[in-house]
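# Summary of the model geometry
For reference, the chains in residue letters:
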Amino acid sequence: MTIGLRLDEAVWGLLQQAIQHYRNNPRATDHLRHQLARLEQPLRIAIAGPWRSGKSTLLNAIMGEEVAPVDGVDGSDVFTWYEDGAQPSAIAYSTSHPPQELTVAKSATGMRVDLVGWRAGELRDIVVQWPTRTLRQVTLIDTPATGLDEQGRAPVMERVLRDADAVLYLTRDGRDSDLRVLETSRESTVGQAAAVNVIMVRSRADETGGGRIDGLLTARQLTRRQQRDPRLDALCVTVVPCSGLIGLAGRILSESDFAALAALAQMPRPELDPHLLTADRFVRGNVPLRLDAEARAALLDRLGLFGLRLATTLIRTGCDSRAKLSAELIRRSGLTELRGSMARLLIDRRDTLKSRSALAAVEALLRADPGRGTDELLGRVEQILVGAHEFRELRLLAALRNSRLGFDAELAAEAQRLVGGDGVGLAARLGIEHDATVQRLWEVATEAQWRWRNRAEDPLLLLAQRRGAQVVARSCEGMLAELAEGGR
């Protein structure tokens, strides 16, 4: 959507100015040219969070294949990058050796990489190429555990924010220590002005409430309560509950898995339920079925105790095929909602988020290597931040999420749609059919612009509501400008 000078155009111009400013500093100019190249690359989404928050499992669920973690990397400081490629491959990057191609073995469930010969601490990055549609628009990054060091810094998160354009930040319960890690992202001018690149994921939602059958519902209720926390407005654009384990199980569920689960579901509940109290009882107990301990262990690894209870309940209540059970597990896991949020707030906004990364990189360089003329360039960074309507839209989406603006449900839904919360295409924003004529698009956009401009000027509304209406009206103006230029 075009409103004045586009954000990506303004950022491209700033990078050219910075390259000229640092023309006698090869290291700085190389860094800036790298940022220019990133504008043309797929969106980088890092999956970050504390230890055992379920990062690798969620990455697998998003991809629909078991490719993470790379054997021998879990628990180290290695960043593992997953990119689209014609054939499975992996390259290791270290601090002391040239890049080295690794031996990759593709299995029925995913991939194994041979790290024999590498010593602890040598590896910095592993770049995995994997043929999948999921990676055509994004690069996913599996990261080490985040946390604060003795100085109160978050070194892993600092690198995540440098290398990634967007972040899925996993937390079990949104505790203060997790929020403090996220708060390190607000130490720069860009971080304070445009905290629009983080989705907080309430992960391992299946464990909420002690693994009861209503655990996922409880996780959703807790998430809605958490979304009203004003601290989150400055840290993320939304919060989504998701069980990566249940979502992954749904995506890779096999016919043999379903047959075993169906056999369990046929047992009377008073006989089965005691075996689903603990992992040891299920694997080692005397389950009266032709299902050996190895098969039971595989089911437990795939679904967990909560997933076993959920799957057998779903089969009893109508999910009588692999396809039906798979779809219901994915839906209940929260994975569908998460993937939708990723599409609307991250992937559809990829140009905005990549521009934000470039602004952050320029600001960091200017502050690390100041000199004559850097104040002028820092002023230009701030000018772009203030003038970027794309950032205002994302901030408004965050405000609409927690209902703090006070719009009624119908108005909030319309505002969300018009600023791109349901999709950034013109038809999606205007809520009309995708094959609508230009005349129809123009009429609906004009009417919406008039309504929201009146709200922005209504003295009876609260100041926050008038400012929100101004953003919506500006978005409508942008749609009209795009239509005038021949867009659809």
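Description of the structure in this document. What you see as residue numbers is a count from 1 along each chain, following the sequence as written. The predicted origin of the model limits local features to residues at a pLDDT of at least 70 and limits the giving and counting of side-chain atom pairs to 80 or more, whereas totals for whole chains, interfaces and linings rest on all residues. Based on all heavy atoms of the structure, the side-chain values leave hydrogens and waters out of the count.

### Some thoughts on unusual backbone geometry
Put simply, the test is: A run of H or I in DSSP becomes a helix once it reaches four residues, and a run of E becomes a strand once it reaches two; helices and strands are each numbered from the N terminus. Buried residues are those whose accessible area, probed at 1.4 Å on protein chains only, stays under 20% of the maximum for their type, while exposed residues exceed 50% and partly exposed ones sit between those limits.
Here arginine 52, not a glycine, exhibits a phi torsion of approximately 60°, which is positive. Summarising the element assignment, arginine 52 is placed in the loop between strand E1 (43-48) and helix H3 (55-63). Judged by its relative accessible area of 47%, arginine 52 falls in the partly exposed class.

### Observations concerning the pattern of salt bridges
Pairing of side chains with opposite charge becomes possible as their charged atoms draw close. Applicable threshold: Here a salt bridge means any side-chain nitrogen of Lys or Arg lying within 4 Å of a carboxyl oxygen belonging to Asp or Glu.
Overall, the coordinates contain 20 salt bridges when judged by the stated rule. Between aspartate 163 and arginine 159 there is a salt bridge; the shortest N-O distance is 2.8 Å. In this pair, aspartate 163 and arginine 159 are both assigned in helix H4 (residues 155-163), 4 residues apart and thus about one turn of the helix distant. By relative accessible area, which is 16% here, aspartate 163 ends up buried. Exposure remark for arginine 159: the relative accessible area of 7% places this residue in the buried category. One salt bridge in this structure joins arginine 284 and aspartate 280, with 2.9 Å as the shortest N-O distance. Of this pair, arginine 284 and aspartate 280 both sit in helix H11 (residues 279-284), 4 residues apart, roughly one helical turn. Using a relative accessible area of 68% as the deciding quantity, one classes arginine 284 as exposed. Overall, aspartate 280 belongs to the partly exposed group, its relative accessible area being 47%. Shared partners join several salt bridges into a network, and the residues in it are Arg124, Asp125, Arg159 and Asp163.

### Remarks on the environment of leucine 461
Which entries qualify depends on this criterion: Any pair of residues with heavy atoms lying within 4.5 Å of one another is described as a contacting pair.
Following the sequence through the fold, leucine 461 ends up in the loop between helix H20 (438-456) and helix H21 (463-484). When its relative accessible area of 23% is taken as the criterion, leucine 461 is described as partly exposed. Sequence-wise, leucine 461 and leucine 394 are 67 residues apart; in three dimensions their C-alpha atoms are separated by 22 Å. Beyond its immediate chain neighbours, meaning those up to four positions away, leucine 461 contacts Arg455 and Arg466.

### Focus on the environment of proline 69
Locating proline 69 in the fold gives a position in the loop between H3 and strand E2 (79-84). Once the C-alpha coordinates of proline 69 and arginine 112 are considered, the two residues, 43 residues apart in sequence, prove to be 9.0 Å apart.

### Regarding the packing of aromatic side chains
Inclusion rule: Within 6.5 Å between ring centres, the rings of Phe, Tyr and Trp (the latter by its six-membered ring) count as paired, and their orientation is classed by plane angle as stacked under 30 degrees, edge-to-face over 60, tilted in between. Placement of a charge over a ring requires the Lys NZ or Arg CZ to be within 6 Å of the ring centre, with the centre-to-atom vector within 35 degrees of the ring normal.
Within the structure shown, the criterion is met by 1 aromatic pair. Each ring, one from phenylalanine 407 and one from tryptophan 452, has its centre 5.7 Å from the other, and the planes form 80°; the classification is edge-to-face. Of this pair, phenylalanine 407 sits in the loop between helix H17 (389-401) and helix H18 (409-418) while tryptophan 452 sits in helix H20, and the two are 45 residues apart along the sequence. By the burial criterion, phenylalanine 407 is buried, and tryptophan 452 matches it. Arginine 159 extends its terminal NZ or CZ atom over the ring of phenylalanine 79, reaching a point 3.9 Å from the ring centre. Above the ring of tryptophan 452, the side-chain terminus of arginine 455 is found at 4.5 Å from the ring centroid.

### Regarding the pairing of strand E3 (residues 89-94)
Quick note on the threshold: Pairing between strands is defined by DSSP: at least two bridges between them are needed.
Note: E3 against strand E7 (residues 123-130), 6 bridges, orientation antiparallel. Among the inter-strand pairings, serine 94 is bridged to a residue of E7, identified as leucine 123. Two strands pair when backbone bridges link them, and E3 and strand E4 (residues 100-102) are joined in this way by 3 bridges, in the antiparallel orientation. Bridged to alanine 90 within E4 is leucine 102. Turn length for the E3-E4 hairpin, with the two strands adjacent in sequence and antiparallel, is 5 residues.

### Quick word on empty space enclosed by the protein
Quick reminder of the rule: Definitions used throughout: a 1 Å grid over protein atoms alone; a cavity as a set of points that fits a 1.4 Å probe which cannot get out; a pocket as an open set with protein on both sides within 12 Å along at least five of seven lines; a lining residue as one with an atom within 4 Å of a point. Grid points are joined across faces, edges and corners, and a volume is the space filled by probe spheres set on the points.
The tally for this structure, following the rule as stated, stands at 1 cavity of 30 Å³ or more. Taken as a whole, the largest cavity spans an internal volume of roughly 30 Å³. If you trace the largest cavity, you find it lined by Gln35, Arg38, Leu39, Asp165, Lys354, Ser357 and Ala358. Broken down by secondary-structure element, the contributors of at least two residues to the lining of the largest cavity are helix H2 (26-38) and helix H15 (350-368). No other element matches the 3 residues that H15 contributes to the lining of the largest cavity.

### Details of the sheet that holds E4
Put simply, the test is: For every element, the axis is a line fit to its C-alpha atoms; helices are fit only across the contacting stretch, and the angle between N-to-C directions ranges from 0 to 180 degrees.
One open sheet accounts for 9 strands, arranged E4-E3-E7-E2-E8-E1-E9-E10-E11; its pairing is mixed. The open sheet has two free edges, formed respectively by E4 and strand E11 (238-242), since each of these has just one partner strand. Neighbour to neighbour, the strand axes of the sheet diverge by 25° on average, direction disregarded. With 5 bridges connecting them, strand E9 (residues 166-171) and strand E10 (residues 198-203) associate as parallel partners. Bridge pairing links leucine 170 to valine 201 in E10. Its contacts with the sheet place H4 against E1, E2, E7, strand E8 (138-142) and E9, and it is angled at close to 25° to E2. Lying on the sheet, helix H14 (residues 335-347) is in contact with E1, E8, E9, E10 and E11; it crosses E11 at an angle near 155°.

### With respect to the nonpolar core
What counts is decided by this rule: Side-chain atoms within 4.5 Å are what join buried Ala, Val, Leu, Ile, Met, Phe, Trp, Tyr and Cys residues into a set we call a nonpolar core.
Formed by 101 residues in total, the largest nonpolar core has its most connected members in Ile45, Tyr82 and Leu168. Here this core gets 8 residues from one element, more than from any other, and that element is H21. If we ignore the near neighbours within four places in the chain, the residues touching leucine 168 are Ile45, Ala46, Ile47, Ala48, Leu58, Ile62, Ile199, Val201, Leu338, Met342 and Leu346. Judged by nonpolar contacts, the second largest core, of 32 residues, contains Ala205, Phe258, Ala262 and Leu314.

### Description of helix H8 (residues 244-252)
Among all positions in H8, only Gly244, Ile246, Gly247, Leu248, Ala249 and Gly250 are buried. Residues of H8 that are buried in the fold lie against H3, E11, helix H12 (293-316), helix H13 (322-333) and H14.

### Some words on the packing of helix H9 (residues 255-265) against H12
Think of two packed helices as two axes; the pair is described by the angle between the axes and how far apart they sit. Definition in use: Here roughly perpendicular refers to angles of 65 to 115 degrees, roughly parallel to angles under 35, roughly antiparallel to angles over 145, and oblique to all remaining angles. Throughout, a crossing is termed right-handed when the near helix is turned clockwise from the far one, and left-handed when it is turned anticlockwise from it by less than a right angle.
Closest axis-to-axis distance for the H9/H12 pair is 9 Å, and the angle between their directions is 55°. In terms of orientation, H9 and H12 fall into the oblique class. For H9 against H12, the interelement crossing comes out right-handed. Touching Asp257, Phe258, Ala260, Leu261, Ala262, Leu264 and Ala265 of H9 are Leu299, Arg302, Leu303, Leu308, Ala311, Thr312, Ile315 and Arg316, all from H12.

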